Amino acid sequence: MDNIEVDILLIEDNANDAELAMRALQKDHVAKRIIHLKDGEAALDFLFGRGKYKGRNTDNKPKVILLDLKMPKVSGLEVLEQLTLNELTQKIPVVVLTSSKEHPDVEKAYKLGANSYIVKPVDFESFRKVVNELGIYWLQLNQPAF
């Protein structure tokens, strides 16, 4: 558990959306190391090395986090807030990838430090393309702060 390296941390409670995203990223060889967590609580445990992930080297940060908003246990907005408030995680780029087009969600996500807010396309090919382009941008083009 100590040296888990990760390119993309996908925090998504919808199994179908998670599977589509992971297949798109792996199929086009955009990301090799993708970790999928099903709720905000598991994501915070992973990022802060606690609970099931106690002892994990938290210096192994994801290059980008793809974060859904509407999740059980701890919502995406709560996760985003905790990431922004903690020095360990505040420089990790967070892309909100959600089905919510609601203006208050968009506004609050940016206020809490989201780097991007993308509404999930409904058809598979569009969804695959968006996830692929996100991966290329954040893993190959973007220059991280850490």
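This one's a predicted model, so the numbers in the text were calculated from it and none came from an experiment.

S.K.: I'd like to hear about the pairing of strand 1 (residues 8-11), residue by residue, with values.
M.R.: Side-chain alternation along strand 1 places Ile8 and Leu10 on one buried face and Leu9 and Ile11 on a second face that is also buried. In the sheet, strand 1 pairs with strand 2 (residues 34-37) via four bridges, with the strands oriented parallel. Across the sheet, the residue bridging to Leu10 is His36, located in strand 2. The β-α-β motif built from strand 1, the intervening helix 1 (residues 15-27) and the parallel element strand 2 has right-handed crossover chirality. Bridge count between strand 1 and strand 3 (residues 64-67): four bridges; the pairing is parallel. When the bridges of strand 3 are listed, Ile11 appears paired with Leu67.

S.K.: Talk me through unusual backbone geometry; I want residue IDs and the actual numbers.
M.R.: Excluding glycine, residues mostly have negative phi values, and the peptide bonds linking residues are mostly trans. The phi dihedral of Lys73 is positive, around 70°, even though this residue is not glycine. By the secondary structure assignment, Lys73 is in the loop between strand 3 and helix 3 (76-85).

What counts and what doesn't
- Residues numbered from 1 in each chain as written.
- Predicted model: local features only at pLDDT ≥ 70, side-chain atom pairs only at ≥ 80, totals over all residues.
- Heavy atoms only, no water.
- Buried < 20%, exposed > 50% of the residue type's maximum accessible area, 1.4 Å probe, protein only.
- Helix = DSSP H or I, 4+ residues; strand = E, 2+ residues; numbered from the N terminus.
- Pairing = 2+ DSSP bridges.
- Right-handed = clockwise from strand over helix to strand, strands pointing away.

Everything listed here is a matter of coordinates, which is why it stays silent on function.
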